[in-house]
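Examining the three-dimensional arrangement
Residues per chain are reported as follows:
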There are 2 protein chains.
Amino acid sequence: MNKSALQVARASYQPKVPASICGATKIVEGKATESVADQADIKKLFPNTYGMPIVTFEKGEAAKSAEAINVGVILSGGQAPGGHNVISGIFDGIKAQNPNSKLYGFLGGPSGLVDHKYIELTSDIIDEYRNTGGFDIIGSGRTKLEEVEQFDKGLEICKKLNIKAIIIIGGDDSNTNACVLAEYYLAKNAGVQVIGCPKTIDGDLKNEMIETSFGFDTATKVYSEVIGNIERDANSAKKYWHFIKLMGRSASHVTLEAALQTQPNVTLIGEEVEAKNQTLDDVVTYIANVVAKRAAKGLNFGTVLVPEGLIEFIPAIKKLISELNDMLAANQAEFDKVAAEDKIDYVVKHLSAENAALFKSLPTAVSTQLALERDPHGNVQVSLIETEQLLAEMVAKKLAAWKKDGKFVGKFATQHHFFGYEGRCAAPSNFDADYCYSLGRVAALLIASGKTGYMSSVRNTTKPAAEWLAGGIPITAMMNMEKRNGKMKPVIQKALVKLDGGPFKFFASKRDEWAIETAYVYPGPIQYFGPSEVADQTTKTLQLEHK
Amino acid sequence: MNKSALQVARASYQPKVPASICGATKIVEGKATESVADQADIKKLFPNTYGMPIVTFEKGEAAKSAEAINVGVILSGGQAPGGHNVISGIFDGIKAQNPNSKLYGFLGGPSGLVDHKYIELTSDIIDEYRNTGGFDIIGSGRTKLEEVEQFDKGLEICKKLNIKAIIIIGGDDSNTNACVLAEYYLAKNAGVQVIGCPKTIDGDLKNEMIETSFGFDTATKVYSEVIGNIERDANSAKKYWHFIKLMGRSASHVTLEAALQTQPNVTLIGEEVEAKNQTLDDVVTYIANVVAKRAAKGLNFGTVLVPEGLIEFIPAIKKLISELNDMLAANQAEFDKVAAEDKIDYVVKHLSAENAALFKSLPTAVSTQLALERDPHGNVQVSLIETEQLLAEMVAKKLAAWKKDGKFVGKFATQHHFFGYEGRCAAPSNFDADYCYSLGRVAALLIASGKTGYMSSVRNTTKPAAEWLAGGIPITAMMNMEKRNGKMKPVIQKALVKLDGGPFKFFASKRDEWAIETAYVYPGPIQYFGPSEVADQTTKTLQLEHK
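Not measured: the values here are computed from a predicted model.

This part takes up the overall build of chain A. When its secondary structure is counted, chain A shows 22 helices and 15 strands. Taking 547 residues into account, the globule formula puts the C-alpha radius of gyration at 24 Å, and chain A, at 25 Å, falls close to it. Its C-alpha atoms give chain A principal-axis dimensions of about 80 × 60 × 50 Å. A separation of at least 24 residues holds for 78% of the contacts in chain A among residues at least 6 apart in sequence. Accessible surface, chain A: about 21100 Å² in total, of which carbon and sulfur atoms supply 50%. Of the side chains in chain A, 61 bear a positive and 64 a negative charge, and the two mean positions are spaced by 2 Å.

This paragraph deals with the relation of the copies chain B and chain A. Taken as rigid bodies, chain B and chain A are interconverted by a rotation of 180° and an axial shift of 0.0 Å, the fit giving an RMSD of 0.1 Å. Such a combination of rotation and displacement between the chain copies is what one expects of a two-fold axis. Taken as a fraction of all interface residues of chain B, those also at the interface in chain A reach 100%, which identifies the copy contact as same-surface.

Next up on the list: the pattern of salt bridges. Residues and elements named next belong to chain A. Tallied over the full model, the rule gives 48 salt bridges over all chains. For Arg 130, the salt bridge goes to Asp 92, with nearest N and O atoms at 2.8 Å. On the criterion of sequence distance, the pair formed by Arg 130 in the loop between helix H5 (123-129) and helix H6 (148-161) and Asp 92 in helix H3 (residues 83-97) is long-range, its members being 38 residues apart. For the pair Arg 130 and Asp 92, a shared accessibility class is recorded, and that class is buried. Taken together, the shared-partner salt bridges in this structure form one network comprising Lys 144, Asp 173, Glu 482 and Arg 484.

Moving on, we come to the packing of aromatic side chains. All names here are of chain A. All chains considered together, the criterion is met by 24 aromatic pairs over all chains. Residues Phe 431 and Trp 468 carry aromatic rings whose centres are separated by 5.7 Å and whose planes lie at 65° to one another, so their mutual orientation is edge-to-face. Taken together, the residues span a long stretch of sequence, with Phe 431 in helix H19 (residues 430-448) and Trp 468 in the loop between strand S12 (454-459) and strand S13 (469-474) at a distance of 37 residues. By relative accessible area, which is 4% here, Phe 431 ends up buried. Above the face of the Phe 335 ring, Lys 343 is positioned so that its terminal group lies 4.3 Å from the ring centre.

Our focus in this paragraph is the sheet that holds strand S4 (residues 102-106) of chain A. Sheet strands line up and pair through hydrogen bonds in the backbone, either parallel or antiparallel. Residues and elements named next belong to chain A. The mixed open sheet is built from nine strands, whose spatial order is S1-S2-S13-S12-S7-S6-S3-S4-S5. Edge positions in the sheet fall to strand S1 (25-32) and strand S5 (118-120), since each has one partner strand and no second. The sheet shows a mean angle of 25° between the axes of neighbouring strands, taken without regard to direction. As judged from the four bridges shared by strand S3 (residues 70-75) and S4, these two strands associate in the parallel manner. Note on S4: the bridge partner recorded for Val 71 is Leu 103.

Turning our eyes to something else, we now look at the sheet that holds strand S11 (residues 414-419) of chain A. Residue and element names in this part refer to chain A. Read across the open sheet, the four strands follow the order S9-S10-S8-S11; overall the sheet is parallel. The open sheet has two edge strands, strand S9 (266-267) and S11, and neither has a second partner. Where S9 and strand S10 (residues 302-307) come together, two bridges link them in parallel fashion. Pairing of Val 266 across the sheet is with Val 304, part of S10. This element, helix H9 (residues 253-262), spans strand S8 (241-246), S9 and S10 of the sheet and lies at about 155° to S10.

With that settled, consider the interface of chain B and chain A. Each side of the interface is counted separately: chain B has 57 residues, and chain A has 57 residues. The junction of chain B with chain A conceals about 4300 Å² of combined surface from both sides, 54% of it contributed by carbon and sulfur atoms. When the buried surface of chain B facing chain A is broken down by residue, Arg 232, Tyr 421 and Glu 422 of chain B rank first, second and third, together holding 16% of it. Counting across the chain B and chain A interface gives four salt bridges. Among the ionic pairs, Arg 232 of chain A bridges to Asp 136 of chain B, the shortest N-O distance being 3.0 Å. Here chain B and chain A share 28 residue pairs in polar contact (both at pLDDT 80 or more) between them. Breaking the side of chain B that touches chain A down by element, the ones donating at least two residues are helix H1 (5-11), helix H8 (216-237), strand S11 (414-419) and helix H21 (532-535) of chain B. Here the element with the most residues in the side of chain B that touches chain A is H8 of chain B; it accounts for ten residues.

All names here are of chain A. Bridge count for strand S14 (residues 479-484) against strand S15 (residues 487-492) is six bridges, and the pairing is antiparallel. Each bridged residue has a counterpart across the sheet, and for Glu 482 the counterpart in S15 is Lys 489. Connecting S14 to the next strand, S15, in antiparallel fashion are two residues, including Asn 485 with a positive phi near 50°.

This next bit is on the nonpolar core. If you look at the biggest cluster of nonpolar residues, it comprises 124 residues, and the most contacted ones within it are Ile 87 and Ile 167 of chain A together with Ile 87 and Ile 167 of chain B. In this structure Ile 87 of chain A touches Val 73, Leu 75, Leu 103, Leu 121, Ile 126, Ile 137, Ile 138 and Ile 169 of chain A, once residues within four positions along its chain are discounted. Membership of the second largest hydrophobic core comes to 52 residues, among which are Val 291, Ala 392, Phe 408 and Ile 516 of chain A.

Attention now moves to the packing of helix H3 (residues 83-97) of chain B against helix H19 (residues 430-448) of chain B. Residue and element names in this part refer to chain B. At a closest axis distance of 7 Å, the pairing of H3 and H19 adopts a crossing angle of 40°. In this view, H3 runs oblique relative to H19, as classed from their interaxial angle. Considering only the axes of H3 and H19, their crossing is right-handed. On H19, the residues touching Asn 85, Val 86, Ser 88, Gly 89, Ile 90, Asp 92, Gly 93, Ile 94, Ala 96 and Gln 97 of H3 are Ala 433, Cys 436, Tyr 437, Gly 440, Arg 441, Ala 444, Leu 445 and Ala 448. Classifying every residue of the contact of H3 with H19 by side-chain character gives ten nonpolar, six polar and two charged.

This paragraph deals with helix H13 (residues 315-330) of chain A. Taking 1.5 Å per residue as the helical rise, H13 of chain A with its 16 residues ought to reach 22 Å, and the 23 Å between its terminal C-alpha atoms agrees with that figure. Within the span of H13 of chain A, buried status applies to Pro 315, Ile 317, Leu 320, Ile 321, Leu 324, Asn 325, Met 327 and Leu 328 of chain A.

Here we take up the state of the cysteines. Residue and element names in this part refer to chain B. Tallying each qualifying case throughout the model produces zero disulfides over all chains. Cysteine Cys 158 shares no disulfide, and the gap to the nearest cysteine sulfur, in Cys 197, comes to 16 Å. By relative accessible area, which is 1% here, Cys 158 ends up buried.

Cut-offs applied
- Along each chain, the written sequence defines residue order, and numbers are assigned to residues from 1.
- Note on labels: chains are lettered from A, ligands numbered from 1, in written order.
- Reporting of local features is limited, given that this is a predicted model, to residues whose pLDDT is at least 70; pairs of side-chain atoms are given and counted only at 80 or more, and all residues count toward the totals for whole chains, interfaces and linings.
- Water and hydrogen atoms play no part in the side-chain values, which are based on all heavy atoms of the structure.
- Only DSSP runs of H or I covering at least 4 residues are called helices, and only runs of E covering at least 2 are called strands; the numbering of each starts at the N terminus.
- We take the radius of gyration over the C-alpha atoms and set the globule estimate at 2.2 Å times the residue count to the 0.38 power.
- What makes two residues a contact is simply this: any of their non-hydrogen atoms within 4.5 Å.
- Only the protein chains shown count as cover for residues, with accessible areas throughout obtained via the Shrake-Rupley method and a probe of 1.4 Å.
- Neither His nor the chain termini are counted; the positive set is Lys and Arg, and the negative set is Asp and Glu.
- Each charge is placed at NZ for Lys, CZ for Arg, CG for Asp and CD for Glu.
- Here the copies were fitted onto each other by least squares, based on C-alpha atoms from residues at pLDDT of at least 70 in both.
- Here, a salt bridge means any Lys or Arg side-chain nitrogen found within 4 Å of an Asp or Glu carboxyl oxygen.
- Relative accessible area decides the class of each residue, using a 1.4 Å probe on protein chains only: under 20% of the type maximum gives buried, over 50% gives exposed, and in between gives partly exposed.
- Side-chain rings of Phe, Tyr and Trp (the six-membered ring for Trp) are treated as a pair once their centres are within 6.5 Å; stacked means planes under 30 degrees apart, edge-to-face means over 60, and tilted covers the remaining angles.
- Put simply, a charge is over a ring when the Lys NZ or the Arg CZ is close to the ring centre, within 6 Å, and near the line of the ring normal, within 35 degrees.
- Should DSSP find at least two bridges between two strands, the strands are taken to pair.
- With axes taken as lines fitted to C-alpha atoms, and helix axes fitted only over the stretch in contact, angles between N-to-C directions fall between 0 and 180 degrees.
- Here the quantity called buried area is the accessible surface, traced with a 1.4 Å probe, that two parts lose on coming together, added over both.
- Polar contact is the term for a pair of N or O atoms within 3.5 Å; when the atoms are in protein, one must be able to donate a hydrogen and the other to accept it, and sequence-neighboring residues count only if both atoms are side-chain atoms.
- Take the buried residues of types Ala, Val, Leu, Ile, Met, Phe, Trp, Tyr and Cys, join any two whose side-chain atoms come within 4.5 Å, and each joined set is a nonpolar core.
- Any angle from 65 to 115 degrees is called roughly perpendicular, while one under 35 is roughly parallel, one over 145 is roughly antiparallel, and all others are oblique.
- Note: crossing handedness is left-handed where the near helix turns anticlockwise from the far helix by less than a right angle, and right-handed where it turns clockwise.
- Residues are grouped as follows: Ala, Val, Leu, Ile, Met, Phe, Trp, Tyr, Cys and Pro are nonpolar; Asp, Glu, Lys and Arg are charged; every other residue, Gly included, is polar.
- Every helix has an expected span of 1.5 Å times one less than the residues it contains.
- For this text, the term disulfide refers to a pair of cysteine sulfurs within 2.5 Å.

Given below as structure tokens:
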């Protein structure tokens, strides 16, 4: 493998870990837990893994020699920087307990467990991947572990390889399923523990006990780097408004963090748009107002951050899409026969008056896309809408109207960008390298302590790594019941941006100033070396949440 | 100004300079020069600045005290990382000669000189901008200094501010114009010297004496960072082909450098497409073949790098566009009356058979765009074509046909990206910070030596900065005559990718391997601190050119 100079230099980085897990540890059990809501339902579904205590690891007596153990690890879902460090942490952890322990990696995500595709992760392999980005060490996948047949197939291979514990590295759904699996194996007395690790660049897997999901730190730093560069370009060329869409469909944490780091002129937060019941026109008018105010000061340039999921947060659009899906499903056969050029007319005629009006008000490219392109389940494909372009076009239209009325005096030229894939596989920042490696080490400790149905937890993360708190959280404690595909399911609550939380409140207190002034901050690229205040900084979100 | 931790830490970086210009220097004059071609014509146009010698600066006797001098500086054209360091180098240079010297910055590009918009750059201002990206210290602009009236207006403000020298930081055209200005002022005995500095991220201002233009190093490192991240994502998710377009319309240096750094599966080089007289279908077939070969190995993912100017390099498309422009100009009045939905038909009927066939073969989005959108001069807007999407669509079409014939067995899903604004204003890498600051220091020395019509030159740049060679190159020596807008003009030869040059030959020797294997390299983000082999690396292009 041909490697870059940075890859070579970074390979020897030794991640920092909590002082409490350097050397011998002891496990301290706290009080029994309850799920965050729907306690009776969750308890019924998880009779064996409900109510377990939060545990912490503290410095302990000299380590007693542990038995060798075989462990399996799975990467689940979208890539996030640091996954390889979780795996190297697990590897070093189980090897420290007993050098004869083995780590197996299931290939291509959860399907590797079901289909019995795996490799043994030896130290040669692990050493190639320390502190690197990507999930390419064993690959990832989106198969959901939900069915008993899958669990049983998994158990087969565990028995064959003498695997006593599986660690699933994933987001909220994957961790929910890890707990279902833990419960199933425990109920069956199968002798296979299951531990989860909190991963997602979206930042929406967090709660009182899980301060942050890994990858969020690195990914938002990459996005903030390029946003800062674009801001500096905007402020140098002084002729473009840059509309920048950022990954994150369910929550706007990524966009909020990038805004806190770069102080752009406009930032849209999906959760606020929804809470305030804003229309698409409200959003467009807000942006146009900022553009007009800056133009009045002679500033015909700016930056706008848009979360990928914005469109789905707008209540009116959500209703439109819902009616569209229902209407098209009900009239599928007839609609399929309508000629392509008549489909939009058909849609307009078959929608309620209110939604028909909204549909007609959308730019043609969007209404066409909504009418014509549907996913394999027959649903309209909201994710294909290029929201950043849509907004730029609608703002341009509004400003053109205002210009005629003398309400806007200036120029409005745009560029648009979408950042997502650029950040998901970056080499982990020092924070993510340390955090992930620690999560892996802690997962190994949870296994050695015989735990199952727990998520590996490292807290106090705004402090230096030595002061971090290591432990495990029962996954059931994070659950509630939610409707999914029409059925009530136990799931880990997704953490949306809290409008009364520190990060949003700080942003809201500053945004009017950032809108009109050119208050850009240029974070620059992630530094792996150099002064600690540069190289070891956590996210603004974490700092403001724990102020 | 709210600053990031990196901005703060980076402010105190002391750029490295050639040892020869630390302390006292002496100027050494070489032999008289000739222009690279059309010597008689160039000599006639530049009677006073033609044939001057190349000069170098060497360690000299103790500095004699110099008179204070007022200098003006102009940023011209597109942003490039390091412009602020050229300016701080000039500032430190003239202040070292005499603390009473003053530096004026003309605002918003060359128009600042003509319109008398300027500020004095004091040490407070300079210190805010050391080692930062962007051109925001004084702004840039695209006004061309070509007319005598502009030169005379410029002279007025120089007289008023007692400015004895102007430094123009720009690309090939701006440096050509700097020389025209130098010639004019010299002929007029105006007492104002003019010095140029080689800037452009495109990398197309270089020759025997100018090894590289500044900004190329930093910009290509930013693009390579995100391309590497995308490659790692492709290799982890294993489900997308990423089509990545990179800035650079006239030359493909940026794309070639990014390819050398990241080893993607497909890289298109405009100069090669033109030299081999390839058609759009040739290009599409080449990509489709690589996709099919990888698919045969079970690898349904990859990365394709496309230079922004690709379309204009394809000889057949060039001809089509040329005929389109002529035909539409000739039939403008009639064409304007044609209904929008009939314009494409109109175009097809009025083109030659060959070009009509090519036009019809283009995806509808592209043909529509070519027929409907024209720039203020009435020309079709090639730059609006989203080449990366166009190629992805055409490859998909071809693969679908091959699938029916059994020639392709696999999946082909795509994502597309365009990187340009992300890199033009990044904080300069150590190389660009050093190189630019040195260029500024050398420009100050050229002024102190009474030179005009020279470009600041720093060579031997693949060696440590202490060993760099400082000097000045007569701008006329880089010129030849070229047709511009129908007239023969003296211009600096634009440096295109040389198909017999080291960088391209190395790439060509490797590309078949990179196409089929997954040989990705992940350069990671620019490091300003850390080991020298990481933080002080030059571009692969420079290394291969000077091997």
